[in-house]
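Next come the chains, spelled out residue by residue.
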Amino acid sequence: MPSLSTVSAFNARFTPSYGIPVAIFVGGTSGIGQGMAEAFARHTKGNAQIVLVGRNRAAAEAILARFPKPTVGGVKHEFVECDVSLMKNVRLTASELLTRFPKINFLALSAGVLTLNGRNETEEGIDRKLAVHYYGRWRFIRDLMPALEAAHQAGEDAKVVSVLAAKHGGKIDLDDLGLKKHFSVFNAAMAGPTYNDCMVKGFADRHPGLSFIHSYPGSVNTGLLQNSNTAALRWASNLTPFLKLFAYSFEAAGEHQLYALLNAKPGAKLTDDKGAEYVLKEGYFDADAVERVWKHTEEVTLV
Ligand SMILES: NC(=O)c1ccc[n+]([C@@H]2O[C@H](COP(=O)([O-])OP(=O)(O)OC[C@H]3O[C@@H](n4cnc5c(N)ncnc54)[C@H](OP(=O)(O)O)[C@@H]3O)[C@@H](O)[C@H]2O)c1
Ligand SMILES: *[C@@H]1O[C@H](CO)[C@@H](O)[C@H](O)[C@H]1NC(C)=O
């Protein structure tokens, strides 16, 4: 169980031999993604290409303004606007990023919403919450793969982390992938994390040498409650002074999650709130599930 000081010290030692790393934080405009991006900027002393992807430009610009300024010419920290609940947006943004970054070293995906409302379909027929927690993440990884592979082929880091709820999923209905037939708040809460487990396994099988992590961040004091579209959850944000007593700050969670990313060995990994690997005795998905989820996702996100 690495402590905060251990993981910060580890992260501070990150000095890539290949020069300026490229890191993309989808969901880097708030909460855990912001914490990761800030830690990355601090440990690289600003000498990293950093892209924050999200909807809130004002939040992004405030975060970027506080990053240490790069001392190497041509290095930029920037915001790219994208509502990731729509696959057509994800595809467009990914293709624009690909033209600009032939190599990508780190991709962190943490865009999320907290809602207890029922199924809410986007114009593409995907439930909004599953789109943000899973489908959009899958499509980002898939479409940015040429740049991740190029980094790996050049002997550089090529690592992806999806921050959601590793080890907290449940059994999924392989005949109702996407939950069109039997959507419930509970089924969605079980499916999102298990789809993410299948995602990291599916990508690791196809791309040996790269790292794909699904992490569980623990309880983190972020804007997730305040931003909820469920009134009871917004109300619960009044409890934050109390929640703070046992929740991680977003800064601490950011260090631990960045550690999970920087420390990852090749393959599919599930990591915990400290950034350490989970030891899984028994899974609720198998190779057949991984392939069926893969095929389903390929179809649903191909717009
Ligand atoms: N906080 C916790 O205790 C906790 C516990 C377990 C799991 N998690 C998971 O961890 C992840 C991060 O949560 P957090 O606490 O950091 O949340 P947060 O502070 O509310 O941040 C959520 C991020 O997601 C982005 N986002 C949401 N919907 C988006 C959309 N449609 N398009 C683009 N970006 C979108 C937001 O960016 P914009 O506002 O710029 O759109 C923001 O950067 C979530 O998946 C959450 O389920 C959190
Ligand atoms: C569905 O999502 C849209 C966009 O986020 C939101 O405006 C609307 O209130 C949601 N509907 C329900 C029933 O949650």
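Above this note sits the structure.
Residues numbered from 1 in each chain as written. Chains lettered and ligands numbered in written order. Predicted model: local features only at pLDDT ≥ 70, side-chain atom pairs only at ≥ 80, totals over all residues. Heavy atoms only, no water.

Draft legend 1. Up close: the pairing of strand S4 (residues 106-109). With burial as the criterion, each face of S4 is covered, one bearing Phe106 and Ala108 and the other bearing Leu107 and Leu109. The pairing of strand S1 (residues 22-26) with S4 spans four bridges and is classified as parallel. Bridge assignment links Val26 to a residue of S4, and that residue is Leu109. As defined by bridge partners, S4 adjoins strand S5 (residues 159-163) across four bridges and the pair is classed as parallel. Paired with Leu107 across the strands is Val160, a residue of S5. Taking the sense of rotation as the criterion, the β-α-β connection linking S4, helix H5 (residues 128-153) and S5 turns out right-handed. (Buried < 20%, exposed > 50% of the residue type's maximum accessible area, 1.4 Å probe, protein only. Helix = DSSP H or I, 4+ residues; strand = E, 2+ residues; numbered from the N terminus. Pairing = 2+ DSSP bridges. Right-handed = clockwise from strand over helix to strand, strands pointing away.)

Draft legend 2. Structural context of the pattern of salt bridges. In this structure the tally under the stated criterion is 17 salt bridges. The shortest N-O distance in the salt bridge between Glu255 and Arg42 comes to 2.6 Å. You can see Glu255 sitting in helix H9 (residues 250-263) and its partner Arg42 sitting in helix H2 (residues 31-43), a full 213 residues away along the chain. By relative accessible area, Glu255 is classed as buried at 5%. Across the pair Asp175 and Arg292 runs a salt bridge whose closest N-O atoms are separated by 3.1 Å. Here Asp175 is found in the loop between S5 and helix H6 (185-206), whereas its partner Arg292 is found in helix H10 (residues 287-301), with 117 residues between them in sequence. (Salt bridge = Lys/Arg side-chain N within 4 Å of Asp/Glu carboxyl O.)

Draft legend 3. Representation of a nonpolar patch on the surface in the model. There is a patch of nonpolar side chains on the surface, built from Trp235, Leu239, Phe242 and Phe246 and spanning about 480 Å² of accessible area. Looking at where Trp235 falls in the secondary structure, it is placed in helix H7 (residues 231-236). For Trp235, a relative accessible area of 56% puts it in the exposed group. (Patch = residues over 30% accessible without salt bridge, like charges linked within 9 Å, V, L, I, M, F, W, Y side chains within 5 Å. Areas by Shrake-Rupley, 256 points an atom, 1.4 Å probe, with all protein chains shown as cover.)

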